[in-house]
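Structural characterization, general
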Amino acid sequence: MYEAVHAHPDGSATAARFAATAARTGYDGVVIRARDATPDYDAVREASGIDVVDAAEVVAPDPERASGAVGGLRPEHTLLSVRGGTDRLNRFAVEHERVDVLTRPMADDGDVNHVLTNCAAENGVRIEFDFGPVLRSTGGERVRALRGLRKLRELVADADAPFVVSANPASHLELRAPRELVAVGEVVGFDPETVRAGLREWGALAERNRHRQSESFIGPGVERGRRDG
Amino acid sequence: MKHLPKHLQPRWRYLAVGLEAWPDADLTRGDFQRAVWYAAGNLLGDPGSADADLRVLSFEFGAGAGAAVVRVRRGEVGPARAALACVSEVNGHPVGLWVRGVSGTVRACEERYLGRRAGVRAERRVVFENDRRRGYVRDGNVDVAGPKGFTGAAELDLESEST
């Protein structure tokens, strides 16, 4: 199972510290959602003993600027996510196959409907269930977050759209073990297996994209390999 | 009051909880107990919180790391885990915590999961992002003090001092 984290300087712990903490709490890997972070991935992987995925999160105020960033960042990173939070950004993310994950779709003024989840299912864009506000906020803010999660859960299940789960930690202190996230998910209405699948999905995505970026890959179903016969 | 016959006594499970915070955090058992009750009350509601009946039995914390034993009613370990995961701050200090294990007795819990105390902490000058800072080092992890609070780092992130 993998967790996707915000590493220093976006967050307040470095990629190496995240990896060390994640290894201790039972993760198989961490996805570094870097905007400005440029860790030495090989060294971090070796030091922590778990997989470390080079990712980027596009945070833009509108789809026009997000589109430019997606084009620029896609070739350089294994995994690319777009932060939602407005209806236009959510729509932009699910309509583009080049985007791997739409994060925080229900944050701020963002909303999702059946059209968007169907579109996400068609384009293979993963929708993120953000457990951050459930873990770290209280009162009205948490109630709104839970309401958003519930709506998203029902829509994603109906459209059979792919999804990921994350606690969106910004420091190693905000990281929670997979079993803890499963327990929280159960309390707020998620099936335990759904949460586990959502945490595993980050790893599956990273593996798929690494394979696609490898030299032997030409297109889906077309590979360069040894000629038989 | 006369104590209950054995078959009517509540059955407990004991969670060994590892704790972590920034080096300047100062936590007491009371603070942690309050944070746990608050988190359980908010997440599970009053009935769920009463069912889980979370109580911090032993607590040790110093210099940014610690451990606690939390008692919970048998059968409520899942909700208790969830409530503990929602403890994000204790007395205004952000904390990280994870359940190291669950046991049926306090003794087993302490022996099996809390046997090793947190490693020795050292304080030294480190070079982080081309800047000399104060670092608190433990087990290869370093909390680096900076103008905007601490940054969690590992030995890997430090640059060797050239001077």
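Look up: the structure comes first, before these words.
These notes cover the structure that comes with them. (Residues numbered from 1 in each chain as written. Chains lettered and ligands numbered in written order. Predicted model: local features only at pLDDT ≥ 70, side-chain atom pairs only at ≥ 80, totals over all residues.)

Considerations on the nonpolar core
By size, the foremost hydrophobic cluster in this structure holds 118 residues, and its most contacted members are A:Val31, B:Val36 and B:Ala83. When residues in this core are grouped by element, the largest group, eight residues, is from helix H1 (residues 29-52) of chain B. Of the domains in this structure, domain 1 (11-113) and domain 2 (122-157) of chain B are the two that each give at least three residues to this core. The residues contacting B:Ala83, other than those within four sequence positions of it, are B:Val36, B:Ala39, B:Ala40, B:Leu43, B:Leu44, B:Ala52 and B:Leu54. (Core = buried A, V, L, I, M, F, W, Y, C linked by C-beta atoms within 7 Å. Buried ≥ 20, exposed ≤ 12 C-beta atoms within 10 Å, placed from the backbone. Helix = DSSP H or I, 4+ residues; strand = E, 2+ residues; numbered from the N terminus. Domains from an automatic or database assignment. Contact = placed C-beta atoms within 7 Å.)

Let's talk about the pairing of strand S6 (residues 122-128) of chain B
Side-chain positions along a regular strand alternate between the two faces of the sheet. Bridge count for S6(B) against strand S7 (residues 131-138) of chain B is seven bridges, and the pairing is antiparallel. Residue B:Arg125 lies in a different strand from S7(B), and its bridge partner there is B:Arg134. (Pairing = 2+ DSSP bridges.)

Things to note about the packing of helix H5 (residues 114-123) of chain A against helix H7 (residues 139-159) of chain A
All names here are of chain A. Where H5 meets H7, the axes come as close as 9 Å, and the angle between the chain directions of the two elements is 50 degrees. Considering the angle they form, H5 stands oblique to H7. When the axes of H5 and H7 are compared, the crossing they make is right-handed. Where H5 abuts H7, its residues His114, Thr117, Asn118 and Ala121 lie against Leu155, Val156, Asp158 and Ala159. (Axes fitted to C-alpha atoms, helices over the stretch in contact; angles between N-to-C directions. Parallel < 35°, antiparallel > 145°, perpendicular 65-115°, else oblique. Left-handed = near helix turned anticlockwise from the far one by under 90°.)

Things to note about the interface of chain B and chain A
On the side of chain A, 28 residues touch chain B, which itself brings 26 residues to the contact. For the side of chain B that touches chain A, the element with the most residues is strand S9 (residues 149-154) of chain B, which contributes six residues. Looking at the side of chain B that touches chain A residue by residue, the classes come out as 15 nonpolar, eight polar and three charged. (Nonpolar A, V, L, I, M, F, W, Y, C, P; charged D, E, K, R; others polar.)

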